[in-house]
There are 2 protein chains.
Amino acid sequence: MSCESDVEQALRESGRRFTMQRSKILTALRHGGGHRTADEIFEQVREEDPHAGISRSTVYRALDTLKQMRLVSELDSHPGTATFEWTDREAPRHHHLVCRGCGGTVELELPALAAIESEIERTTGFDPDIRHLGITGLCEQCRD
Amino acid sequence: MSCESDVEQALRESGRRFTMQRSKILTALRHGGGHRTADEIFEQVREEDPHAGISRSTVYRALDTLKQMRLVSELDSHPGTATFEWTDREAPRHHHLVCRGCGGTVELELPALAAIESEIERTTGFDPDIRHLGITGLCEQCRD
DNA sequence: TTCTTTGCAAATTGTTTGCATGCTC
DNA sequence: GAGCATGCAAACAATTTGCAAAGAA
């Protein structure tokens, strides 16, 4: 699930259509290098190609279907504005630190969380999305 | 920081006022036994005392100042509607599992997270709010 | 009396929806 | 050609803001 044609195939197999808009949204999300809000994606697509037919509702709807297909995931810890990320199954799992002061995010790997994931599953039967985990706090600069 | 008068003092010391509304909001939050959205708090206060002068904006503003004072914390992982909790420093730290299927929440203690907290601080200088951590996923019933 | 807080209503922001048209399969 | 997808504009929901009046120190 890592290049355009795979996505195209996945869409077709589930009876959906592979459209220009979806393709551009995915590209913006994948090559944008990180997390993007719906609005950022909208602006990014529009900027790269002002003639591209794209609207906010399309972005929301596309993100929604891609989420259902598990190709895109919505990050937690961004109060007020949903933030999305391309779900790359090959990449190492990383987690997000979201600063409540400046809103900036830092990524880091926390291998120890894998153990917690299985502990949760074992004790509660809950299947946690550790992958989407966002941890809020204060970054070094904002701690003053 | 566990009874009414402490809150009153904390407010006074920071040059703020101790008002009926703030008192009732806190009571609703503390004795409500768990997490509450702004709207739930509003309804709860209004229900307990229909004559109480309270408005939604007041709830939001009060929660905001209480958050700044670290007396109340906003939980992550509740997309769309912010959820708040009384920050009880004496209580054991618990964490939240939020089901993306039914929206239900489960609380559990995860002592292992304390180690992760210090790891984050050590490696990134970030001060994480592990306390507010919300983990999304699918609960046992919704996994079908 | 001074300065904070409140209520009300209006404004914002982020997101969703209905419907006619366009495009993919 | 059939049915999913799109754009537009309107609908929504949650939260914020301006301003005059009320309340705490």
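Residues numbered from 1 in each chain as written. Chains lettered and ligands numbered in written order. Predicted model: local features only at pLDDT ≥ 70, side-chain atom pairs only at ≥ 80, totals over all residues. Heavy atoms only, no water.

Is there a simple way to think about the relation of the copies chain A and chain B in this case?
The second copy of the chain is related to the first by a rotation about an axis and a shift along the axis. Of the transformation superimposing chain A on chain B, the axial component is 0.0 Å and the angular component is 178°, with the fit at an RMSD of 0.4 Å. This pairing of chains is accounted for by a two-fold axis. (Least-squares fit on C-alpha atoms with pLDDT ≥ 70 in both.)

Sorry, what's going on with the protein's contact with DNA strand C here?
In the vicinity of DNA strand C, 20 residues are found, and the nearest of them are Arg12 and Tyr60 of chain A together with Arg22, Gly53 and Thr58 of chain B. Counting only atoms of DNA strand C within 4 Å of the protein, the sugar-phosphate share comes to 73%. In this structure, a base oxygen belonging to DNA strand C sits 3.0 Å away from a side-chain N or O atom of Arg17 of chain A. Between DNA strand C and the protein, one listed contact pairs a phosphate oxygen with a backbone N or O atom of Ala82 of chain A at 2.9 Å. Counting residues per element, the ones that place at least two in the surface near DNA strand C are α4 (56-68) of chain A together with α2 (20-31) and α4 (56-68) of chain B. Counted by class, the surface near DNA strand C contains four nonpolar, nine polar and seven charged residues. (Near = heavy atom within 4 Å. Polar contact = N/O pair within 3.5 Å; in protein donor to acceptor, adjacent residues only side chain to side chain. Helix = DSSP H or I, 4+ residues; strand = E, 2+ residues; numbered from the N terminus. Nonpolar A, V, L, I, M, F, W, Y, C, P; charged D, E, K, R; others polar.)

Please clarify how α4 of chain B should be interpreted in this entry.
For an α-helix, the turn length of 3.6 residues means that residues three or four places apart are oriented alike. Residues and elements named next belong to chain B. Taking 1.5 Å of rise per residue, the 13 residues of α4 would be expected to cover 18 Å, and the 19 Å separating its terminal C-alpha atoms lies within 8% of that figure. Listing the buried residues of α4 in full gives Val59, Ala62, Leu63, Thr65 and Leu66. Buried residues of α4, viewed axially, fall in a sector of 165°; they line one side. When the buried face of α4 is taken as reference, the exposed residues oriented beyond 90 degrees from it are Tyr60, Arg61 and Gln68. Contact partners of the buried residues in α4: α2, α3 (38-48), β2 (72-75) and β3 (83-86). One or two positions beyond α4, positive phi appears at Arg70, with a value near 65°. (Expected span 1.5 Å × (residues − 1). Buried < 20%, exposed > 50% of the residue type's maximum accessible area, 1.4 Å probe, protein only. Arc of directions from axis to C-beta. Contact = heavy atoms within 4.5 Å.)

So what exactly am I meant to see when it comes to the packing of α2 of chain B against α4 of chain B here?
Residues and elements named next belong to chain B. Where α2 contacts α4, the axes come no closer than 10 Å and their chain directions differ by 75°. By the criterion of interaxial angle, the relationship of α2 to α4 is roughly perpendicular. Residues Gln21, Arg22, Ile25, Leu26 and Leu29 of α2 lie in contact with α4, whose contacting residues are Thr58, Val59, Ala62, Leu63, Thr65 and Leu66. Among the residues making up the contact of α2 with α4, the classes are represented as seven nonpolar, three polar and one charged. (Axes fitted to C-alpha atoms, helices over the stretch in contact; angles between N-to-C directions. Parallel < 35°, antiparallel > 145°, perpendicular 65-115°, else oblique.)

So what exactly am I meant to see when it comes to the interface of chain A and chain B here?
Where the parts come together, the accessible area they lose is often given as the size of the interface. Taken together, the contact pairs 33 residues of chain A with 33 residues of chain B. Of the roughly 2,800 Å² buried at the junction of chain A and chain B (both faces included), carbon and sulfur atoms supply 60%. Taken as a group, Ile116, Phe126 and Arg143 of chain A account for 19% of the area that chain A buries against chain B, more than any other trio of residues on that side. If you look at where chain A meets chain B, you find zero salt bridges. Here chain A and chain B share four residue pairs in polar contact (both at pLDDT 80 or more) between them. Elements supplying a minimum of two residues to the side of chain A that touches chain B: β4 (95-99), α5 (112-124), β6 (127-128) and β7 (134-138) of chain A. At eight residues, the largest contribution of residues to the side of chain A that touches chain B is made by α5 of chain A. For the side of chain A that touches chain B, a count of residues per class yields 17 nonpolar, seven polar and nine charged. Bridge count between β6 of chain A and strand β7 (residues 134-138) of chain B: two bridges; the pairing is antiparallel. Looking at the pairing, Pro128 of chain A lines up with Gly137 of chain B of β7 of chain B. (Buried area = accessible area lost by both parts, 1.4 Å probe. Salt bridge = Lys/Arg side-chain N within 4 Å of Asp/Glu carboxyl O. Pairing = 2+ DSSP bridges.)

Any chance you could explain the packing of aromatic side chains here in plain terms?
The description of an aromatic ring pair uses the distance of the two centres, along with the angle that the planes make with each other. Applying the stated criterion across every chain yields a total of zero aromatic pairs over all chains. The positively charged end of Arg30 of chain A is found above the aromatic ring belonging to Trp86 of chain A, 4.7 Å away from the centroid. (Phe/Tyr/Trp six-rings, centres within 6.5 Å; stacked < 30°, edge-to-face > 60°. Lys NZ or Arg CZ within 6 Å of the ring centre and 35° of its normal.)

What exactly am I supposed to notice about the packing of helix α2 (residues 20-31) of chain A against helix α3 (residues 38-48) of chain A here?
All names here are of chain A. The N-to-C vectors of α2 and α3 enclose an angle of 110°; their axes lie 9 Å apart at closest approach. Accordingly, the angle class assigned to the pair α2 and α3 is roughly perpendicular. Each of Lys24, Ile25, Ala28 and Leu29 in α2 lies in contact with α3, whose residues at this interface are Ile41, Gln44 and Val45. The residue makeup of the contact of α2 with α3, split by class, is five nonpolar, one polar and one charged.

By themselves these figures say nothing about function.
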